[in-house]
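Coordinate analysis (summary)
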Amino acid sequence: MKKMTLVLFLVMIVPCHADNAVPHLPKQNWSFNSAFGTFKRNELQRGFQVYKEVCSACHSLKRIRFRDLKSLGFKESEIKTIAAGYEVKDGPNAEGEMFQRKALPSDAIPSPYPNDNAARATNNGALPPDLSLIVKAREGGADYVHALMNGYIDPPAGIVIEGGRHYNQYFPGGQISMAKPLTDGQVTYADGTPATVEQMSRDVSTFLAWAAEPETEQRKQMGVKVMAYLLFMTVIFYFTMRRIWRDVKK
Ligand code: HEC
């Protein structure tokens, strides 16, 4: 019986070890991961800057409206200025024509391409996915996005890279149609933080984790309030019960 269990155990674990094409994702220490964890406002703002100045050239972020950026610690006036830096299509006007106007805080962040075909045509046939939910859509979440940004290495001997592809050790299959998007010093952070690839990857992954679940902090805060309330009521009920029984016992 013992032998059978051992054999079964080996059968279960051996295939996992044989399949080591994609290395394990390095686990990062995220401030937002624990039960009471929160996002750091400066990390979120830097991450948004990386998205805006680098990733948004190819990736949309359709589920985020400019006014949502309030959670990143931006003031109303700052959000208006950020929005006004973008143009959106609106209409039709009284003449029945569509027109371009400056974006408002109530608008969603505009996509870089008018449609998926246009996106594919400029990216060698590959579609840069919308990043709104990417942290939820990929196993490993923020760890995966972070690893992907740092995972560009020379291909192992014998691997032929197809045209327009790049070798990334964390991308399933290894060949990705996205060129290494980050290089040291690519953005200039307002708070003076050195913009290394590692730093920008951390910040943009944090920002995308927020984007995938902007309500996560409120949810956690609500959880804390509910727990505090329940604790308080437990204490009240305990003393009430003692009081009642004291009279009964007498
Ligand atoms: C020049 C265009 C371009 C830029 C800039 C760019 N990407 Fe991409 N990205 C792509 C394309 C194209 C794909 C699809 C790759 C594929 O399917 O092979 C992609 C795919 C991805 C994926 C999904 C990988 C997967 O598992 O399917 C993530 C995550 C990603 N990009 C994050 C980013 C981040 C974060 C930035 C900014 C730091 C960024 N990208 C900048 C073009 C770009």
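What you are looking at is a predicted structure, and each value in this text was computed from that prediction instead of being measured. Along each chain, the written sequence defines residue order, and numbers are assigned to residues from 1. Under the rules for a predicted model, residues below a pLDDT of 70 receive no local features and side-chain atom pairs below 80 are neither given nor counted, while totals for whole chains, interfaces and linings still include all residues. Note that water and hydrogens are dropped before the side-chain values are worked out from all heavy atoms of the structure.

A closer look at the coordination of the iron atom of the ligand
Each pair of donors in an ideal four-coordinate tetrahedral metal site encloses 109.5 degrees, whereas pairs in an ideal six-coordinate octahedral site enclose 90 or 180 degrees. Taken together, the protein ligands of the iron atom of the ligand are H59 (NE2) and M178 (SD), with distances of 2.0 to 2.1 Å. The donor set comprises N, O and S atoms within 2.8 Å of the metal, extended to 3.2 Å for Na, K and Ca; water molecules are omitted, so apparent gaps in a site may simply reflect that omission. Angular criteria define each label, namely tetrahedral for four donors with all angles between 85 and 135 degrees, square planar for four and octahedral for six donors with opposite donors over 155 degrees apart and remaining angles between 65 and 115, and irregular for whatever fails these tests. Geometry at the iron atom of the ligand is octahedral, judged from its six donor atoms and the angles of 85 to 177° they form at the metal. Taken together, the positions of H59 in the loop between α2 (41-53) and α3 (76-84) and M178 in the loop between β4 (175-176) and α7 (197-212) put the pair 119 residues apart, joining distant regions of the chain. Classification of M178 as partly exposed rests on a relative accessible area of 21%. Secondary structure elements follow DSSP: runs of H or I no shorter than four residues count as helices, runs of E no shorter than two count as strands, and numbering proceeds from the N terminus. Exposure is judged per residue with a 1.4 Å probe applied to protein chains only, and the accessible area is read against the type maximum: over 50% gives exposed, under 20% gives buried, and values in between give partly exposed.

Thoughts on the site of the ligand
Surrounding the ligand, one finds 20 residues, the nearest of these being C55, C58, H59, Y144 and M178. One of the side-chain nitrogen or oxygen atoms of R138 is found 2.8 Å away from an oxygen atom of the ligand. One of the backbone nitrogen or oxygen atoms of S177 is found 2.9 Å away from an oxygen atom of the ligand. Per-element accounting of the shell around the ligand gives the leading share, three residues, to helix α6 (residues 141-150). Polar here means any residue other than Ala, Val, Leu, Ile, Met, Phe, Trp, Tyr, Cys and Pro, which are nonpolar, and Asp, Glu, Lys and Arg, which are charged; Gly is therefore polar. Taken together, the residues of the shell around the ligand sort by class into 16 nonpolar, three polar and one charged. If even one non-hydrogen atom of a residue comes within 4 Å of a molecule or strand, that residue is called near it. Polar contact criterion, stated in full: a pair of N or O atoms within 3.5 Å, where within protein one must be able to donate a hydrogen and the other to accept it, and residues adjacent in sequence count only if both atoms are side-chain atoms.

A short note on the domain arrangement of the protein
Here the limits of each domain have been adopted from an automatic or database domain assignment. Partitioning the protein into domains gives domain 1 (22-64 + 108-214) and domain 2 (216-245). Counting residues at the interface gives 11 residues for domain 1 and six residues for domain 2. Across the pair E217 and R41 runs a salt bridge whose closest N-O atoms are separated by 2.6 Å. Counting across the domain 1 and domain 2 interface gives eight residue pairs in polar contact (both at pLDDT 80 or more). The class makeup of the residues in the side of domain 1 that touches domain 2 is five nonpolar, four polar and two charged. Pairs of residues are marked as contacts when any of their non-hydrogen atoms sit within 4.5 Å. Whenever a carboxyl oxygen of Asp or Glu lies within 4 Å of a side-chain nitrogen of Lys or Arg, that contact is scored as a salt bridge.

Topic: the packing of α2 against α7
With axes taken as lines fitted to C-alpha atoms, and helix axes fitted only over the stretch in contact, angles between N-to-C directions fall between 0 and 180 degrees. One way to put it is that α2 packs onto α7 with a least axis distance of 7 Å and a crossing angle of 100°. Classed by the angle they form, the pair α2 and α7 counts as roughly perpendicular. Contacts between α2 and α7 pair E43, L44, R46, G47, F48, V50 and Y51 from the former with Q199, M200, D203, V204, T206, F207 and W210 from the latter. In terms of residue class, the contact of α2 with α7 is built from eight nonpolar, three polar and three charged. Our angle categories are set so that under 35 degrees counts as roughly parallel, over 145 as roughly antiparallel, 65 to 115 as roughly perpendicular, and the remainder as oblique.

So, the nonpolar core
Definition of nonpolar core: a set of buried residues of the types Ala, Val, Leu, Ile, Met, Phe, Trp, Tyr and Cys, connected through side-chain atoms within 4.5 Å. In this structure, V50, L61, F66, L69, F207 and W210 are the most contacted members of the largest nonpolar core, which totals 45 residues. Mapped by element, the contributors of at least two residues to this core are α2, α3, α5 (134-137), α6 and α7. Tallying contributions element by element places α7 first for this core, with nine residues. Not counting residues up to four positions away in its chain, the partners in contact with W210 are F39, L44, I64, D68, L69, S71 and L72.

Quick look at α3
When we look at burial in α3, the residues that qualify are I79, I82 and A83. End-on view of α3: buried residues confined to an arc of 95°, all on one side of the axis. Those residues of α3 that are exposed and aimed more than 90 degrees away from the buried face are K80 and T81. The arc under discussion is defined with respect to the helix axis, by the directions toward the C-beta atoms.

Description of the side chain of D107
Assignment of secondary structure puts D107 in the loop between β2 (99-102) and α4 (116-122). The exposure class assigned to D107 is buried, which follows from its relative accessible area of 13%.

With respect to a positive patch on the surface
Judged by side-chain charge, R242, R243, R246, K249 and K250 come together as a positively charged surface patch. Residue position: R243 is located in helix α8 (residues 216-249). On the accessibility criterion, R243 (54% relative accessible area) is exposed. Every patch collects residues that have over 30% relative accessible area and no salt bridge, joining them within 9 Å if they carry like charges and within 5 Å if they are nonpolar side chains (Val, Leu, Ile, Met, Phe, Trp, Tyr). Under the convention used here, a 1.4 Å probe and the Shrake-Rupley method define accessible areas, while residue burial counts only the protein chains that appear. Neither His nor the chain ends contribute to the count of charged residues, in which Lys and Arg are positive and Asp and Glu negative. Every charge is mapped onto a representative atom, which is NZ of Lys, CZ of Arg, CG of Asp or CD of Glu.

Description of a nonpolar patch on the surface
On the surface, a nonpolar cluster with roughly 730 Å² of combined accessible area is contributed by V235, Y238, F239, M241, I244, W245 and V248. Of note, W245 is situated in helix α8. Relative accessible area serves as the criterion here: at 48%, W245 is assigned to the partly exposed category.

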